[in-house]
Amino acid sequence: MAESDVSKNARDLADSGGGMAPQQQEHPGATALMEPAPDHGEQSWVGRGRLEGMRALITGGDSGIGRAVAIAYAREGADVAINYLPAEEDDARDTAAWIEKAGRRAVLVPGDLRDEATCGEIVERAVAELGGLNILVNNAGYHWARGEKGLRGLTTEALDQAMRTNIYGMLWLTRAALPHLGRGDSIINTTSLQAYDPSVTMIDYAATKAALNNITANLAAELGPDGIRVNAVAPGPVWTPLQPATKEPEAVAEMGRDTPLGRIGQPAELAGAYVFLACPAEASFVSGTVLGVTGGMPVF
Ligand code: NAD
Ligand code: MG
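Along each chain, the written sequence defines residue order, and numbers are assigned to residues from 1. Here every chain gets a letter starting at A, and every ligand a number starting at 1, in the order they are written. Restriction of local features to residues with pLDDT of at least 70 applies here, the model being predicted, together with a cutoff of 80 or more for giving and counting side-chain atom pairs; totals for whole chains, interfaces and linings are based on all residues. Heavy atoms throughout the structure, all of them, feed into the side-chain values; hydrogens and water do not.

### Here's the deal with the environment of glutamate 88
1) Next: Within the fold, glutamate 88 resides in the loop between strand S2 (79-84) and helix H3 (89-101).
2) Next: For glutamate 88, a relative accessible area of 10% corresponds to the buried category.
3) Next: Along the primary structure glutamate 88 and methionine 255 are separated by 167 residues, whereas in three dimensions their C-alpha atoms are 24 Å apart.
4) Next: Here glutamate 88 is in contact with Pro28, Gly29, Asp62 and Ser63, once residues within four sequence places are set aside. Each helix is a run of H or I in the DSSP string that is no shorter than four residues. Each strand is a run of E no shorter than two, and both are numbered from the N terminus. Accessibility here uses a 1.4 Å probe with only protein chains present; expressed as a share of the type maximum, an area under 20% marks a residue as buried, one over 50% as exposed, and anything in between as partly exposed. By the convention used here, residues are in contact when the closest approach between their heavy atoms is within 4.5 Å.

Here is the structure:
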């Protein structure tokens, strides 16, 4: 079978030196500063109406995996609200332009998930402007992997930011969204390969992602009787702003080389998992599971 354009582009990039060039930028990072530019499926995703008429809220939807999911959802027929940090307005506007180009409604809801009241406001604004909610993608995430490694190098500031973004914010946002979700709707959480194969450089982050797996199973049990499915996607190494914004340049350059497929993934290569899990027809009996998209690293 022919290799897809996305995987061919990704492999070509990886082949052109084994990985990405070492680079660094300030958190939360900007797509425009990345070299080479990531592939979010702008030229490749073909919609088949799988999410026709649905309404989605995607956190971290401005860039990276969230942007690829936003583009795919819009082309599959969904209206899409994206949440992001106020500093990411440029990236958010680019994502919104792609959603609108697909003929769908784009709603921008900036706000910091580390604040409980803000989480409630994000949901209320998204629901008001979309006219309801069918899919919640908890995709925002934070890690810090610069400086001294491991627990010895863990600062309280980084620990607090990871826990509040990845766990507290996700729980606050989801709790606020529950009254708006019903039969056929779903929640998708972005976890990580780190939940299964933790790096010494990210002890706090890996723990939050393992917790997200646990929360996915627990919420699936709670919400199943209401006909609401809850799943997760566990990405392996993916070329997104989070990486140069939080890792050492040398670590960025190494990403993906140790996977069986031997390369870093592109955000576009993650979108299919999120479309499948959100699709009421295709994934109607799929709940409480974690789908790995890791370049071959095991997630069991
Ligand atoms: P990204 O930088 O494009 O996306 C992360 C987003 O998180 C940011 O765009 C930002 O909008 C959002 N965010 C961070 N802190 C926030 C806060 N306090 N309030 C609101 N939003 C906040 O990078 P990405 O790699 O696409 O990340 C998406 C998800 O994928 C994250 O949960 C990340 O942990 C996970 N992940 C990424 C990789 C990878 O290699 N890139 C691997 C495994 C898991
Ligand atoms: Mg971003």
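### Some words on the site of ligand 1
1) Next: As a matter of local geometry, ligand 1 sits amid 31 residues, with Asp62, Ser63, Glu88, Tyr205 and Thr240 nearest to it.
2) Next: Polar contacts here mean pairs of N or O atoms no more than 3.5 Å apart (in protein, one a potential hydrogen donor and the other a potential acceptor; neighbouring residues in sequence count only if both atoms are side-chain atoms). At 2.5 Å, a side-chain N or O of glutamate 88 approaches an oxygen atom of ligand 1.
3) Next: Against a free-state accessible area of 800 Å², the protein chains account for coverage of 98% of ligand 1.
4) Next: Of all the elements in the fold, those that place two or more residues in the shell around ligand 1 are helix H2 (64-75), S2, helix H6 (203-223) and helix H7 (242-246).
5) Next: Taken together, the residues of the shell around ligand 1 break down into twelve nonpolar, 14 polar and five charged. The nearness test applies per residue and asks whether one of its heavy atoms lies within 4 Å of the molecule or strand. Accessible surface is estimated by sampling points in the Shrake-Rupley manner with a 1.4 Å probe; for residues, cover comes only from the protein chains shown. Residue classes follow a fixed rule: Ala, Val, Leu, Ile, Met, Phe, Trp, Tyr, Cys and Pro count as nonpolar, while Asp, Glu, Lys and Arg count as charged, and any other residue, Gly among them, counts as polar.

### So, the sheet that holds strand S3 (residues 106-110)
1) Next: We treat two strands as partners when DSSP finds at least two bridges between them. Taking strand neighbours across the sheet as the criterion, the seven strands line up as S3-S2-S1-S4-S5-S6-S7 in an open arrangement whose pairing is parallel. For this open sheet the edge positions go to S3 and strand S7 (290-293), each flanked by a neighbour on one side alone. Going from strand to strand, the sheet's axes swing by 15 degrees on average, the running direction of each strand aside.
2) Next: As judged from the five bridges shared by S2 and S3, these two strands associate in the parallel manner. When the bridges of S3 are listed, tyrosine 84 appears paired with proline 110.
3) Next: Against the sheet, helix H9 (residues 268-278) contacts strand S4 (135-138), strand S5 (186-190), strand S6 (229-235) and S7, and its axis sits at roughly 170 degrees relative to S6. Between N-to-C directions, angles cover 0 to 180 degrees, with each direction set by a line fitted to C-alpha atoms, over the stretch in contact for helices.

### Concerning the coordination of the magnesium ion (ligand 2)
1) Next: At 2.1 to 2.3 Å from the magnesium ion (ligand 2) lie its protein donor atoms, namely Asp62 (OD), Ser63 (OG) and Glu88 (OE).
2) Next: Distances up to 2.8 Å from the metal define which N, O and S atoms are donors, and 3.2 Å serves for Na, K and Ca; water is absent from the atom set, so sites may look incomplete. When the donors of the magnesium ion (ligand 2) are listed by position in the chain, the intervening gaps give D-S-x24-E.

### Re the packing of aromatic side chains
1) Next: Only Phe, Tyr and Trp rings are paired, with Trp represented by its six-membered ring, and only when their centres lie within 6.5 Å; those with planes under 30 degrees apart are stacked, over 60 edge-to-face, the remainder tilted. For the structure on display, the rule yields one aromatic pair.
2) Next: Aromatic pair tyrosine 168 and tryptophan 172: ring centres 5.4 Å apart, planes at 80 degrees, arrangement edge-to-face. Within this pair, tyrosine 168 and its partner tryptophan 172 are both found in helix H5 (residues 156-177), separated by four residues, close to a single helical turn.
3) Next: Residue classification places tyrosine 168 among the partly exposed residues on the basis of a relative accessible area of 41%.

### A closer look at unusual backbone geometry
Comment: phi is negative for the bulk of residues other than glycine, and the bulk of peptide bonds are trans.
1) Next: Geometrically, the link from histidine 27 to proline 28 is a cis peptide bond, its omega value of 10 degrees lying close to zero.
2) Next: By the element assignment, proline 28 lies in the loop between helix H1 (5-15) and strand S1 (55-59).
3) Next: With an omega of 0 degrees, the peptide bond between glutamate 35 and proline 36 qualifies as cis.
4) Next: Mapped onto the secondary structure, proline 36 falls in the loop between H1 and S1.

### Quick word on the nonpolar core
1) Next: Note on terminology: a nonpolar core comprises buried Ala, Val, Leu, Ile, Met, Phe, Trp, Tyr and Cys residues joined through side-chain atoms within 4.5 Å. With 34 residues, the main nonpolar core has Tyr73, Ile82 and Tyr274 as its most contacted residues.
2) Next: Contributing elements (two or more residues each) for this core: S1, H2, S2, H3, S3, S4 and H9.
3) Next: Residue contacts for isoleucine 82: discarding those within four places in its chain leaves Ile58, Gly61, Asp62, Ala70, Ala92, Thr95, Ile99, Val107, Leu108 and Val109.

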